[in-house]
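Analysis of the macromolecular model
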Amino acid sequence: FVGVATTGNLAAGQAATYALAISPQDLAGQASGALTLGFDLTGTGGLNPDAVSVNGITPSFARTDAGHSIALFTFTTPGVYTFALQGLANTAGSFSLSTFVAGDVLGHNQVTGADETAMIVALGKTAGLPGYILAADINRDGVIDTTDQTFLESNLGFVALQPPTAAASVTP
C-alpha cells in the first residue's frame, strides 16, 4: 500500500474505507518503537478532500487545502487499522491517495542515514526551487524544515518488510 497511489471516486457524503496492518516488525527497527505514515490525498472533479482519518489514532499533523489534504499518523501498537477518505462539505469527485513512510526521502522503503543526509542537504529549500525534494517535505507545507527532520528522525532505522525472495543454490 505504501508508495502506490490508490484512486477512486466519492459521491457526496460517501466515505471510502481501507484497512492497513501494522506488524510488530514494522515498529521494531526504530529507536522510537513507533512508525509515522503519511496519507496524501488529492481530489479532482469537484472533490475537496477532508484529511484521512484512522480509527483510534489522533493525527500527528493534518491540514486541508482546496483539493488536497495531508495527514500524518504515528502508530505505536501493532494491529489492523481502518482509515477513511471523504470529501468536505458534501463535495464529490475523484481522488488519488498516496501513502508514504515519513522520512523515506530516497523512496527505497526504509529510513536510513542516506535519507537523513538527503534531508540535511535539502533543509531550507522551498517548493519550486532547485534542491527541493517533495519526499523530504513530510508535512507537505512547501518548506523542508526541522519539523520534517523530526518526523524523519522518529522513523530512522525503519525497513519495510520485503516479500520473500528465492535465490538459487547448488548443493554438492
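Report on the accompanying structure. Position numbers for residues count from 1 along each chain, tracking the sequence in the order it is written. Confidence filtering applies because this is a predicted model: local features only for residues at pLDDT of at least 70, side-chain atom pairs given and counted only at 80 or more, and all residues used for totals across whole chains, interfaces and linings. Excluded from the side-chain calculation are hydrogens and water; included are all heavy atoms of the structure.

Mapped onto the fold, Leu20 is located in strand E2 (residues 15-22). The sequence separation of Leu20 and Val80 amounts to 60 residues, and the corresponding C-alpha distance is 5.6 Å. Two residues form a contact once any of their heavy atoms are found within 4.5 Å. Those residues in contact with Leu20 that lie beyond four places of it in its chain are Leu37, Phe39, Phe75, Gly79, Val80, Tyr81 and Phe83. In this description a helix means any DSSP run of H or I spanning at least four residues, a strand means any run of E spanning at least two, and both kinds are numbered starting from the N terminus.

For the rest of this paragraph, the subject is the sheet that holds strand E1 (residues 6-10). Pairing within the open sheet is antiparallel, and its five strands lie in the order E1-E8-E3-E6-E5. Every interior strand has two partners, whereas the edge strands, E1 and strand E5 (61-65), have only one. Each adjacent strand pair in this sheet contributes to an overall mean axis angle of 20°, direction not counted. Together, strand E3 (35-44), E5, strand E6 (68-75) and strand E8 (93-101) form the strand contacts of helix H3 (residues 146-155), whose direction differs from that of E3 by roughly 130°. Should DSSP find at least two bridges between two strands, the strands are taken to pair. Think of each axis as a best-fit line through the C-alpha atoms, taken over the contacting stretch in the case of a helix, with angles from 0 to 180 degrees between the N-to-C directions.

Here the idea is simple: oppositely charged side chains can pair when their charged atoms come close. Between Lys or Arg on one side and Asp or Glu on the other, a salt bridge is scored when a side-chain nitrogen of the former is within 4 Å of a carboxyl oxygen of the latter. Following the criterion strictly, the structure yields two salt bridges and no others. Between Arg140 and Asp40 there is a salt bridge; the shortest N-O distance is 3.2 Å. Taken together, the residues Arg140 in the loop between helix H2 (113-122) and H3 and Asp40 in strand E3 connect sequence positions 100 residues apart. Accessibility assignment for this pair places Arg140 and Asp40 in one class, buried. Only protein chains enter the accessibility calculation, which uses a 1.4 Å probe. A residue is then buried if its area is under 20% of the maximum for its type, exposed if over 50%, and partly exposed in between.

If you walk across this open sheet you meet the three strands as E2-E7-E4, and the pairing is antiparallel. Either end of the sheet is taken by a strand with one partner, and the two such strands are E2 and strand E4 (53-54). Direction of pairing for E4 relative to strand E7 (residues 79-86): antiparallel, over a ladder of two bridges. Its bridge partner being in E7, Ser53 is matched across the sheet by Ala84.

Along the chain, Asp115 turns up in helix H2. A residue counts as positive if it is Lys or Arg and as negative if it is Asp or Glu; His and the chain ends are not included. Among buried charged residues, Asp115 stands out as having no salt bridge; its nearest opposite-charge side chain is Arg140, 12 Å away. Within the structure, Asp115 has its side chain in polar contact with the backbone nitrogen of Leu106 (distance 2.8 Å). Once residues lying within four places of it in the same chain are set aside, the contact partners of Asp115 are Gly103, Asp104, Val105, Leu106, His108, Gln110 and Leu152. Two N or O atoms count as a polar contact when they lie within 3.5 Å, although within protein this holds only if one can serve as hydrogen donor and the other as acceptor, and sequence-adjacent residues are included solely when both atoms are side-chain atoms.

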